[in-house]
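Chain by chain, the residues:
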Amino acid sequence: MKRLLLCILAFQLLGCAELQQVVNQLPQGTPGIGNAEIAQGLREALNFGIEKQVNKLTAHDGFFKNELVKILLPDELQKVDKTLRDIGLGKLADEGLRILNRAAEDAVKEATPIFVDAVKGITFSDAKQILLGNDQAATSYLEGNTRNKLSAKFNPVIQNSFRKVGADQIWENIITKYNNLPLTADVNPDLTNYTTEKALDGVFTMIAIEEKEIRTKISSRTTDLLRKVFALQD
């Protein structure tokens, strides 16, 4: 009752910024949870995203048949795709698109430990603020703090996957055929960098899905730590 009267009085006397300072100083409803424990809960949620959602991307057609993350052709290759179909090479165009996604699937399988290490190593400067943020605040924080480093590590994995699944040969064939056509401007896209960035987009999309599940569904909080930490944001 005293806390309620204090909040009403503060609301009447103070502006929003000052009121927020008062609220932050009130006793917390769940004692014994510090920034370090909240941070560990956020890491656990991100790890669940990798374990339950990102691993789906490594399956056959994990990218290609998932409309949320399916890798489409870059803008400069849209005209290549259309031209090949117009001259009866639709099957080759289909294979070119499929093989981009296949390379991403293979690369994510190889690179999953990179994401696990990134989660382990991330330092949440204000874990409570992230916990009380939007449905993908922790994923966004992870991406903002690790994406450039992950991209540098992921790129050679994509290159290797291109060779492993034959994407380099298929796309060399596609681009050679297109460049040899009359009245077409030659193209020479960097498909490795493009696929790297799209694959990373897919990974963070899937991690965000799991974070939202944990935030919005109590049944998805399958450990004591998740239940304890995310109860604070309910």
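Residues numbered from 1 in each chain as written. Predicted model: local features only at pLDDT ≥ 70, side-chain atom pairs only at ≥ 80, totals over all residues. Heavy atoms only, no water.

## Observations regarding the confidence of the model for the protein
At step 1: On average, residues of the protein score 86 in pLDDT, and 86% of them reach the 70 mark or higher.
At step 2: In the predicted structure, residues 1–16 sits below a pLDDT of 50 and forms nine contacts with residues beyond four places in sequence or in another chain. (pLDDT = per-residue confidence, 0-100. Contact = heavy atoms within 4.5 Å.)

## Here's the deal with the side chain of Thr-196
At step 1: Along the chain, Thr-196 turns up in helix 9 (residues 191–216).
At step 2: In terms of polar contacts, Thr-196 uses its side chain to reach the side chain of Asn-155, at 3.4 Å.
At step 3: In this view, Thr-196 contacts Ser-151, Phe-154, Asn-155 and Ile-158; residues no more than four positions away in its chain are not counted. (Helix = DSSP H or I, 4+ residues; strand = E, 2+ residues; numbered from the N terminus. Polar contact = N/O pair within 3.5 Å; in protein donor to acceptor, adjacent residues only side chain to side chain.)

## A few points about helix 5 (residues 90–121)
At step 1: Taking 1.5 Å per residue, 32 residues should reach 46 Å; helix 5 reaches 46 Å between its end C-alpha atoms and fits that length.
At step 2: Residue Ala-111 marks the point of greatest curvature in helix 5, where the axis turns by about 50°; the proline Pro-113 follows within four residues. (Expected span 1.5 Å × (residues − 1). Bend = angle between axes of the 7 residues up to and from the residue.)

## Regarding helix 7 (residues 137–165)
At step 1: The terminal C-alpha atoms of helix 7, which comprises 29 residues, lie only 35 Å apart, well short of the 42 Å expected from a rise of 1.5 Å per residue.
At step 2: Bending of helix 7 peaks at approximately 60° at the position of Thr-146.
At step 3: In the stretch just after helix 7, Gly-166 is the one whose phi turns positive, near 85°.

## Notes on the environment of Phe-115
At step 1: Structurally, Phe-115 is set in helix 5.
At step 2: By relative accessible area, Phe-115 is classed as buried at 3%.
At step 3: Through-space distance from the C-alpha of Phe-115 to that of Val-54 is 9.8 Å; in sequence the pair is 61 residues apart.
At step 4: Beyond its immediate chain neighbours, meaning those up to four positions away, Phe-115 contacts Ile-50, Leu-150, Phe-154, Leu-200 and Val-203. (Buried < 20%, exposed > 50% of the residue type's maximum accessible area, 1.4 Å probe, protein only.)

## What to know about unusual backbone geometry
At step 1: Of note, Asp-61 is a non-glycine position whose phi angle comes to about 65°, a positive value.
At step 2: Among the secondary structure elements, Asp-61 is positioned in the loop between helix 3 (35–57) and helix 4 (75–86).

## Looking at the packing of helix 5 against helix 9
At step 1: The interhelical angle for the contact between helix 5 and helix 9, taken along N-to-C directions, is 60°, at an axis separation of 10 Å. Classed by the angle they form, the pair helix 5 and helix 9 counts as oblique. Viewed along their axes, helix 5 and helix 9 form a crossing whose handedness is right-handed. Along the contact surface, helix 5 presents Leu-100, Ala-104, Val-108 and Phe-115, while helix 9 presents Leu-191, Thr-195, Ala-199, Leu-200 and Val-203. (Axes fitted to C-alpha atoms, helices over the stretch in contact; angles between N-to-C directions. Parallel < 35°, antiparallel > 145°, perpendicular 65-115°, else oblique. Left-handed = near helix turned anticlockwise from the far one by under 90°.)

## A short note on the pattern of salt bridges
At step 1: Evaluation of the coordinates by the stated rule reveals 18 salt bridges.
At step 2: Put simply, Asp-81 and Arg-85 hold a salt bridge, and the shortest N to O gap is 2.8 Å. Of this pair, Asp-81 and Arg-85 both sit in helix 4, separated by four residues, roughly a single helical turn.
At step 3: You can call Asp-81 buried: its relative accessible area is 16%. (Salt bridge = Lys/Arg side-chain N within 4 Å of Asp/Glu carboxyl O.)

## A look at the environment of Ile-209
At step 1: Inspection of the secondary structure puts Ile-209 in helix 9.
At step 2: Along the primary structure Ile-209 and Val-54 are separated by 155 residues, whereas in three dimensions their C-alpha atoms are 9.7 Å apart.
At step 3: Those residues within four positions of Ile-209 in sequence are excluded, and the remaining contacts are Gln-53 and Leu-68.

## As for the side chain of Arg-43
At step 1: When you line up the elements, Arg-43 lands in helix 3.
At step 2: Although Arg-43 is buried, it forms no salt bridge, and the closest oppositely charged side chain is Glu-44 at an N-O distance of 9.6 Å.
At step 3: Apart from residues no more than four positions distant in its own chain, Arg-43 is found in contact with Val-119, Lys-120, Ile-122, Thr-123 and Phe-124. (Lys, Arg positive; Asp, Glu negative; His and termini not counted.)

## Digging into the environment of Val-116
At step 1: Tracing the backbone through its elements, the reader meets Val-116 in helix 5.
At step 2: Given the relative accessible area of 24%, Val-116 is considered partly exposed.
At step 3: As for Val-116 and Glu-51, which are separated by 65 residues in sequence, their C-alpha atoms are 9.3 Å apart.
At step 4: Those residues in contact with Val-116, other than ones at most four positions away along the chain, are Asn-47 and Ile-50.

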